[in-house]
Amino acid sequence: MWWLPAPRATTQYDVPPVATFRGHTGAVRAVELLEHENHCFSASDDGSIRCWMLPEEDFDPTQAYESSEMYQLLGHVGPVTALSHARGPHMLSAGADNT
């Protein structure tokens with residue numbers, strides 16, 4: 001996760017990440033941010049969807065942040081390749097297991 005600086009005339013940014021979310025055992029294929037919540041979801045080749053706590057808006061990006069996995073959604077038997085959240089308590093997923 002990066003805090004992005006204000007846009008500049010140049011297109012290159014040398015911005016280090018402020019948080020790294022670790023836990024998947026396969027490549028991450030999709031990420032979905034819940035706009036009005038303080039968490040996001042990631043989908044992986046390991047067949048899991050994980051929910052992560054995000055830092056608060058007033059987080060100081062110069063300080064260390066320990067990512068926190070809130071929970072996992074299990075059910076796919078192969079890689080999860082897509083996520084979508086439109087509204088309410090629903091998360092849609094698609095995977096290589098044809099579901």
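Shown above is the structure to which this text applies.
About the cut-offs
Residues numbered from 1 in each chain as written. Predicted model: local features only at pLDDT ≥ 70, side-chain atom pairs only at ≥ 80, totals over all residues. Heavy atoms only, no water. Helix = DSSP H or I, 4+ residues; strand = E, 2+ residues; numbered from the N terminus. Buried < 20%, exposed > 50% of the residue type's maximum accessible area, 1.4 Å probe, protein only. Lys, Arg positive; Asp, Glu negative; His and termini not counted. Salt bridge = Lys/Arg side-chain N within 4 Å of Asp/Glu carboxyl O. Polar contact = N/O pair within 3.5 Å; in protein donor to acceptor, adjacent residues only side chain to side chain. Core = buried A, V, L, I, M, F, W, Y, C linked by side-chain atoms within 4.5 Å. Contact = heavy atoms within 4.5 Å.

Peer 1: Whenever I open this one, the side chain of D97 confuses me. Can you help?
Peer 2: Inspection of the secondary structure puts D97 in the segment after β6 (92-95). Buried D97, no salt bridge; nearest opposite-charge side chain is R29, N-O distance 13 Å. Within the local environment of D97, its side chain forms a polar contact with the backbone nitrogen of V77, the two atoms lying 2.9 Å apart.

Peer 1: I'm lost on the nonpolar core in this one. Help?
Peer 2: Buried together is how nonpolar side chains tend to be arranged in soluble globular proteins. Counting eight residues, the largest nonpolar core consists of A30, L34, F41, A43, I49, C51, V80 and L83. The set of elements that each furnish at least two residues to this core consists of β2 (39-44), β3 (49-53) and β5 (80-84). The residues contacting C51, other than those within four sequence positions of it, are H39, C40, F41, S68, E69, M70 and Y71.

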